Amino acid sequence: MGISQTENERPMVLETKDLTIRFGGLTAVSHLNLQIRKNVIYGLIGPNGAGKTTVFNLITQHYKPTEGQVLFNGNCLRKEKPAQVVKMGMARTFQNIRLFTGLSVRDNVVIAMHMRLDVSWWMSMLGLKSYQKKENAMYEKADKLLKRTGLYEFAEHEAGSLPYGLQRRLEIARALATEPELLLLDEPAAGMNPQEVTELTKFIREIRDEFDITILLIEHHMSLVMNLCEEITAISYGKEIAHGNPEDIKNDAQVIEAYLGVDKDAKGK
Ligand SMILES: Nc1ncnc2c1ncn2[C@@H]1O[C@H](COP(=O)(O)OP(=O)(O)OP(=O)(O)O)[C@@H](O)[C@H]1O
Ligand SMILES: [Mg+2]
């Protein structure tokens, strides 16, 4: 697979072992084994309905598996709730944009920061001094993050007024605001035009390097996946059909049949 020794020695950030979930009679994810090492940009691909978002929901503990395990930094996640997993260092974006469209770009980031810090809404209501201090620090941190993600000039703008590509970027900035080690991106390029896809590809690589994180992403845009991901797992009907580097995946007969034969980019997805 062309992975060098040094890459193999990197610590394992995320592992799934025989990960399986059934909804009634439907096995949405079946015995999936992923091994994702630190600083890798890892792709999860597959046709519509293959189970990709369900894999994310299992990793982030929105769903609990019927069988199998999720290990994050070697710890098996069992009883943890999604909010706890965020505090442990895992952040995600969703397939459909989730922003507070009526609030400013800066406030969107500050709200995301609350997820990680021990501050509750009632502390802000009471105007506690200790809270005030934390809040000032948060606004400073938010501005720093907006600068690092190229959004600072839009800090005062309403999130909903931003062009689509920048709204997607803001979503990623909000995920970064929780200071993750592992970032999960569910179709970050969905609905983007080719130029936006090119910019996003560059942006994802930059944040991996600058924030020293590991990234797992789901995408239908093959140009983005093949340019960006160092390792890829392809699934169909919840099961792995191929695993390897972009070259392996491009040439895999099962992937071509199940997935690459359908040109989703052409459909504007
Ligand atoms: N909570 C649930 N209850 C029942 N079925 C579910 C649930 N969540 C997902 N499914 C089913 O699991 C299968 C996989 O869905 P999933 O959303 O994970 O696919 P996907 O690969 O993300 O597809 P897409 O590319 O369209 O986003 C689908 O058949 C879906 O209907
Ligand atoms: Mg999905």
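Residues numbered from 1 in each chain as written. Chains lettered and ligands numbered in written order. Predicted model: local features only at pLDDT ≥ 70, side-chain atom pairs only at ≥ 80, totals over all residues. Heavy atoms only, no water.

### Some thoughts on the overall build of the protein
Scanning the protein from N- to C-terminus turns up 11 helices and 10 strands. The buried share of the protein, taken over its 269 residues, is 50%. Within the protein, counting contacts between residues at least 6 apart in sequence, those at least 24 apart form 69% of the total. Entry remark: accessible area of the protein is about 13,100 Å², with carbon and sulfur atoms responsible for 50%. (Helix = DSSP H or I, 4+ residues; strand = E, 2+ residues; numbered from the N terminus. Buried < 20%, exposed > 50% of the residue type's maximum accessible area, 1.4 Å probe, protein only. Contact = heavy atoms within 4.5 Å. Areas by Shrake-Rupley, 256 points an atom, 1.4 Å probe, with all protein chains shown as cover.)

### Brief notes about the sheet that holds strand β1 (residues 12–23)
The antiparallel open sheet is built from four strands, whose spatial order is β2-β1-β4-β5. The two strands at the open ends of the sheet, each matched to only one other strand, are β2 (26–37) and β5 (75–76). Taken together, the two bridges between strand β4 (residues 67–72) and β5 define a ladder with antiparallel strand orientation. In the strand pairing of β5, F72 is matched with N75. (Pairing = 2+ DSSP bridges.)

### Focus: a nonpolar patch on the surface
Residues F23, L26 and Y63 make up a contiguous nonpolar surface patch of about 270 Å² in total accessible area. Tracing the chain through its elements places Y63 in the loop between α2 (52–59) and β4. (Patch = residues over 30% accessible without salt bridge, like charges linked within 9 Å, V, L, I, M, F, W, Y side chains within 5 Å. Salt bridge = Lys/Arg side-chain N within 4 Å of Asp/Glu carboxyl O.)

### Points about the nonpolar core
Among the nonpolar cores identified, the biggest contains 50 residues, and L170, L183, I215 and L217 are the most heavily contacted of them. Beyond its immediate stretch of four places on either side in the chain, L170 contacts L99, V105, N108, V109, L151, A159 and L162. Core analysis: the second largest hydrophobic core is formed by 27 residues, L14, L19, V29 and L182 among them. (Core = buried A, V, L, I, M, F, W, Y, C linked by side-chain atoms within 4.5 Å.)

### Observations regarding the site of ligand 1
Of all residues adjacent to ligand 1, which total 15 residues, the nearest are G49, K52, T53, T54 and Q95. Between K52 and ligand 1, the recorded distance is 2.7 Å, taken from a side-chain N or O atom to an oxygen atom. Counting residues per element, the ones that place at least two in the shell around ligand 1 are β2 and α2. No other element matches the three residues that α2 contributes to the shell around ligand 1. Looking at the shell around ligand 1 residue by residue, the class counts come to six nonpolar, seven polar and two charged. (Near = heavy atom within 4 Å. Polar contact = N/O pair within 3.5 Å; in protein donor to acceptor, adjacent residues only side chain to side chain. Nonpolar A, V, L, I, M, F, W, Y, C, P; charged D, E, K, R; others polar.)

### Let's talk about the side chain of T201
For T201, the location among the structural elements is in helix α8 (residues 194–211). If we skip the residues at most four places from it in the chain, T201 touches L224, N227 and L228.

### Here we look at α2
Burial runs high along α2: seven of the eight residues are buried. Among the residues of α2, those classed as buried are K52, T54, V55, F56, N57, L58 and I59. At the C-terminal side of α2, Q61 shows a positive phi close to 70°.

### Details of the pattern of salt bridges
Across all of its chains, the model carries 11 salt bridges by this definition. With a shortest N-O distance of 2.9 Å, R22 and E67 are connected by a salt bridge. A residue pair is termed long-range when its members are at least 10 positions apart, and R22 in strand β1 and E67 in strand β4 qualify at 45 residues. The salt bridge involving D212 is made with K38; its shortest N-O contact spans 3.5 Å. Of the two residues, D212 sits in the loop between α8 and β8 (214–218) while K38 sits in the loop between β2 and β3 (41–45), which places them 174 residues apart along the sequence. Of the residues examined, D212 reaches a relative accessible area of 43% and is grouped as partly exposed. Through salt bridges with shared partners, one network takes in R106, D143 and E156.

### Side note on the pairing of β8
Most of β8 is tucked away, with five of its five residues classed as buried. Sheet topology places β3 next to β8; four bridges connect them, and they run parallel. Each residue of the ladder has a partner; that of L44, found in β8, is I218. Here five bridges tie strand β7 (residues 182–186) to β8, and the two strands are oriented parallel to one another. Directly across from L184, in β8, lies its bridge partner L216. For the crossover from β7 across α8 to β8, the handedness is right-handed. (Right-handed = clockwise from strand over helix to strand, strands pointing away.)

### What about the pairing of β1?
Looking at chain direction, β1 and β2 are connected through eight bridges and run antiparallel. Within the sheet, the bridge partner assigned to R22 lies in β2 and is T27. Hairpin remark: β1 followed by β2, antiparallel, with two residues in the connecting loop; positive phi at G24, about 60°. Here five bridges tie β1 to β4, and the two strands are oriented antiparallel to one another. Pairing of E15 across the sheet is with L71, part of β4.

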